[in-house]
Amino acid sequence: MIKRGITYDYHGVLSDFIGKEHGLSRDEIISYQSRVNAGHQRLVGERKRGGIGFFELPYREAEAREIKEKAQEIRQGIENCLVLGIGGSSLGGKALRDAIKTPLYNLMPRKMREGTPHLFFAENIDPETISRLLEMLPMEKTLVVVISKSGGTAETMSQFLILYERLKRELGRELSRHLVAITDPEKGALREIARADSLISFDIPGNVGGRFSVLTPVGLFPAALIGIDIETLLEGARAMAGRCDLPDLKSNIAYLNGVIHYHYDMKRGKPLFVLMPYADSLLSLADWCRQLYAESLGKRFDREGREVFCGPTPIRALGTTDQHSQLQLYIEGPFDKVITFLRVEALRGDAEIPNPFSSDNSLSYLANHSLGQLFGFEQRATAHALVENHRPVLTVGVPEINEYTLGQLFYFYELQVAMMGELYGIDAFNQPGVERGKVLTYGLMGRKGYEKYVKEME
Ligand code: PA5
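The model shown is predicted, which means the values in this text are computed figures rather than measured ones.

### Examining the overall build of the chain
Item 1. Within the chain one finds 17 helices and 12 strands.
Item 2. In terms of overall size, the chain behaves like a compact globule, its C-alpha atoms giving a radius of gyration of 23 Å where 458 residues would be expected to give roughly 23 Å.
Item 3. Overall size of the chain, expressed as C-alpha extent along the three principal axes, is 70 × 65 × 45 Å.
Item 4. Taking all 458 residues of the chain together, the buried fraction comes to 53%.
Item 5. Of the roughly 20,900 Å² that the chain leaves accessible, carbon and sulfur atoms contribute 52%.

Next up, the structure:
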């Protein structure tokens with residue numbers, strides 16, 4: 001495993017490279033230092049008061065060891081794990097599975113999976129998908145992991161009720177060996193059921209919200225079930241925390257990334273942030289990141305209660321696939337985007353392109369290269385085309401996709417978003433819009449105590 005720090009290259013946003021109209025000067029960036037210092041102080045204060053929990057997660061090594069042991073024990077005889085959860089209770093685990101094990105994981109034969117079970121994330125409540133899953137998964141070989149911080153989200157809990165009933169009907173008292181609950185330590189319906197049924201359960205710390213919870217059991221337990229090294233994941237996050245300990249924009253790449261994005265959104269009319277990994281395995285990480293940006297920064301009110309209606313729109317794209325879908329828009333369309341490439345330096349596999357034909361033809365230029373080379377050249381060519389068209393480009397370099405670099409990436413983006421919340425002056429850790437949708441749904445479904453929301457809608 002390559003244990004090196006991720007790199008951050010912001011040359012592609014500097015006016016020397018993309019021109020003054022769309023580029024930034026170093027002075028412009030550094031002029032944010034005092035605001036960043038103030039934001040940092042506030043975050044440190046909140047952390048000390050116990051208000052923001054994600055800062056502490058990389059240091060919970062003992063918990064990670066316990067999770068690993070429990071996962072190894074419980075997966076004996078299990079062929080399929082089904083995670084019930086949505087949003088922050090699902091995206092982190094999925095990002096981990098796809099990054100470390102590749103998106104092909106569930107198609108791999110058991111030997112390639114080193115004996116670890118399949119790992120499915122139900123997420124949506126589309127009845128077609130859920131009924132197929134129920135047909136596919138024999139309960140006696142399935143572990144159901146239900147994840148909900150609130151313990152009440154309609155999507156997750158309706159799936160839970162269906163699976164609980166199925167497990168009980170088919171396995172009787174064996175049920176408790178096939179069900180794990182991950183939820184708030186004290187509150188919510190799921191915690192009550194876990195207590196009443198003595199289910200195996202893990203806590204999500206009260207001060208950690210869904211989208212910041214990937215380094216709690218929410219992400220760690222499903223990851224450990226499929227043999228991901230969660231201790232090294234935390235080690236990577238600790239490395240990033242150490243690297244970004246001080247607010248200095250010359251060393252703190254998370255804050256620097258936050259300042260550049262904030263400035264483009266608020267001062268340069270570029271509210272669309274594209275995250276474009278050149279790696280299939282990192283596409284789910286881009287999904288995770290999209291939620292982190294959107295739910296944290298899309299806010300109506302600032303912390304003083306003034307209406308601000310702020311927040312960038314995150315977009316995810318995949319290199320090279322989306323070069324043939326969205327890139328034309330990025331290169332020649334409106335000047336409203338900031339594009340970040342996630343570039344992997346050492347790929348975990350490669351294939352040589354052969355020349356099976358004896359005579360030269362128009363494909364001969366491809367031969368004697370590897371797919372990895374082609375991948376790298378395509379990314380370079382795309383970056384160049386963007387920069388020569390005065391489009392801001394950032395590059396996050398990932399030495400290799402592994403637990404150590406993933407841990408860094410999760411923490412890097414969480415810290416960036418926390419700082420952006422400070423710059424916008426909003427609370428990056430709540431989600432009143434999402435909560436509103438949830439209570440309206442409860443009302444429509446006839447939940448007791450929520451009748452008034454139906455009246456409001458009428
Ligand atoms: O980030 C968040 O807070 C949300 O996306 C939640 O994770 C999502 O709504 C699911 O909530 P819960 O974990 O309470 O079921």
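### A few points about the site of the ligand
Item 1. The local shell around the ligand holds 14 residues, among which Ser-89, Ser-148, Ser-150, Thr-153 and Gln-291 are the closest.
Item 2. At 2.5 Å from an oxygen atom of the ligand is found a side-chain nitrogen or oxygen belonging to Thr-153.
Item 3. Within the contact set of the ligand, an oxygen atom lies 2.9 Å away from a backbone nitrogen or oxygen of Arg-211.
Item 4. Burial of the ligand by the surrounding chains reaches 93%, relative to a free accessible area of 390 Å².
Item 5. According to the grid-proximity analysis, the pocket containing the ligand is the largest pocket.
Item 6. Of the residues that constitute the shell around the ligand, the class distribution is 1 nonpolar, 9 polar and 4 charged.

### Here we look at the nonpolar core
Item 1. If you look at the biggest cluster of nonpolar residues, it comprises 112 residues, and the most contacted ones within it are Phe-221, Trp-288, Leu-406, Phe-410 and Tyr-413.
Item 2. Both domains that furnish three or more residues to this core are identified here as domain 1 (7-46 + 234-426) and domain 2 (54-231).
Item 3. What Trp-288 contacts, discounting residues up to four positions off in sequence, is Leu-91, Gly-92, Ala-95, Arg-211, Val-214, Phe-410, Tyr-413 and Glu-414.

### Structural notes on the domain arrangement of the chain
By a frequent convention, interface size equals the accessible area lost on bringing the separate parts together.
Item 1. Along its sequence, the chain is carved into domain 1 (7-46 + 234-426) and domain 2 (54-231).
Item 2. Of note, the centres of domain 1 and domain 2, computed from C-alpha atoms alone, are 30 Å apart.
Item 3. Contacts between the two partners involve 29 residues from domain 1, matched on the other side by 29 residues from domain 2.
Item 4. When the two sides are added together, the surface that domain 1 and domain 2 hide from each other amounts to roughly 2,500 Å², 65% of it contributed by carbon and sulfur.

### Some words on the layout of surface pockets
Item 1. Empty space within the largest pocket amounts to approximately 890 Å³.
Item 2. Lining of the largest pocket is provided by 39 residues; of these, Lys-149, Gly-210, Gln-431, Glu-435 and Lys-438 occupy positions nearest its centre.
Item 3. Elements that contribute at least two residues to the lining of the largest pocket include exactly strand S4 (142-148), helix H7 (154-171), helix H12 (283-297) and helix H16 (432-444).
Item 4. Ranked by the residues each element gives to the lining of the largest pocket, the list is headed by H16, at 5 residues.
Item 5. Of the residues belonging to the lining of the largest pocket, the class tally is 11 nonpolar, 17 polar and 11 charged.
Item 6. Empty space within the second largest pocket amounts to approximately 550 Å³.
Item 7. Sorting the residues of the lining of the second largest pocket by element identifies strand S11 (337-346) and helix H14 (371-388) as the ones contributing at least two each.
Item 8. Taken domain by domain, the lining of the second largest pocket gets at least three of its residues from each of domain 1 (7-46 + 234-426) and domain 2 (54-231).

### Considering empty space enclosed by the protein
Taking a probe equal in size to a water molecule and rolling it over the atoms shows the remaining empty space.
Item 1. This model, assessed by the stated rule, comprises 2 cavities of 30 Å³ or more.
Item 2. Put simply, the largest cavity is a space of about 110 Å³.
Item 3. Lining the largest cavity are 14 residues, with Phe-273, Val-274, Leu-275, Tyr-293 and Pro-314 sitting closest to its centre.
Item 4. For the lining of the largest cavity, the elements supplying multiple residues, two or more each, are helix H11 (253-267), strand S7 (272-277), H12 and strand S10 (313-316).
Item 5. Grouping the amino acids of the lining of the largest cavity by side-chain chemistry returns 9 nonpolar, 3 polar and 2 charged.
Item 6. Within this model, the second largest cavity holds a volume of roughly 40 Å³.
Item 7. In terms of lining residues, the second largest cavity is bounded by Leu-82, Leu-84, Ala-122, Ile-130, Leu-133, Leu-134, Gln-159 and Leu-163.
Item 8. The set of elements that each furnish at least two residues to the lining of the second largest cavity consists of strand S2 (80-84), helix H6 (127-136) and H7.
Item 9. Counting residues per element, the lining of the second largest cavity draws most heavily on H6, at 3 residues.
Item 10. For the lining of the second largest cavity, the residue count by class is 7 nonpolar, 1 polar and no charged.

### Focus on the packing of helix H3 (residues 33-49) against H11
Item 1. Interaxial distance between H3 and H11 falls to 12 Å at its minimum, and their mutual angle equals 120°. Relative to H11, the element H3 lies oblique. Between H3 and H11 the crossing geometry is right-handed. Where H3 approaches H11, its residues Arg-35, Val-36, His-40 and Leu-43 are matched on the opposing element by Tyr-255, Val-259 and Tyr-262.
Item 2. Broken down by class, the residue content of the contact of H3 with H11 amounts to 5 nonpolar, 1 polar and 1 charged.

### Quick notes on the sheet that holds strand S6 (residues 200-203)
Item 1. Taken in spatial order, the 5 strands line up as S3-S2-S4-S5-S6 in an open sheet, and their pairing is parallel. Lying at the two open borders of the sheet, with one neighbouring strand each, are strand S3 (118-121) and S6. Strand-to-strand twist across the sheet, computed as the mean angle between neighbouring axes with direction ignored, equals 20°.
Item 2. Direction of pairing for S2 relative to S3: parallel, over a ladder of 4 bridges. Bridge pairing in S3 places Leu-82 opposite Phe-120.
Item 3. Contacts from helix H4 (residues 61-74) reach S4, strand S5 (179-183) and S6, with the element oriented near 155° to S6.
Item 4. Against the sheet, helix H9 (residues 217-225) makes contact with S2, S3, S4, S5 and S6, and its axis sits at roughly 165° relative to S4, the strand it touches most.

Calculation notes
Residues numbered from 1 in each chain as written. Predicted model: local features only at pLDDT ≥ 70, side-chain atom pairs only at ≥ 80, totals over all residues. Heavy atoms only, no water. Helix = DSSP H or I, 4+ residues; strand = E, 2+ residues; numbered from the N terminus. Rg over C-alpha atoms; globule rule 2.2 N^0.38 Å. Buried < 20%, exposed > 50% of the residue type's maximum accessible area, 1.4 Å probe, protein only. Areas by Shrake-Rupley, 256 points an atom, 1.4 Å probe, with all protein chains shown as cover. Near = heavy atom within 4 Å. Polar contact = N/O pair within 3.5 Å; in protein donor to acceptor, adjacent residues only side chain to side chain. 1 Å grid on protein atoms, 1.4 Å probe; cavity = no way out; pocket = protein on both sides within 12 Å on 5 of 7 lines; lining within 4 Å. Sits in = over half its atoms within 2 Å of the grid points. Nonpolar A, V, L, I, M, F, W, Y, C, P; charged D, E, K, R; others polar. Core = buried A, V, L, I, M, F, W, Y, C linked by side-chain atoms within 4.5 Å. Domains from an automatic or database assignment. Contact = heavy atoms within 4.5 Å. Buried area = accessible area lost by both parts, 1.4 Å probe. Points joined across faces, edges and corners; volume = space filled by probe spheres on them. Axes fitted to C-alpha atoms, helices over the stretch in contact; angles between N-to-C directions. Parallel < 35°, antiparallel > 145°, perpendicular 65-115°, else oblique. Left-handed = near helix turned anticlockwise from the far one by under 90°. Pairing = 2+ DSSP bridges.

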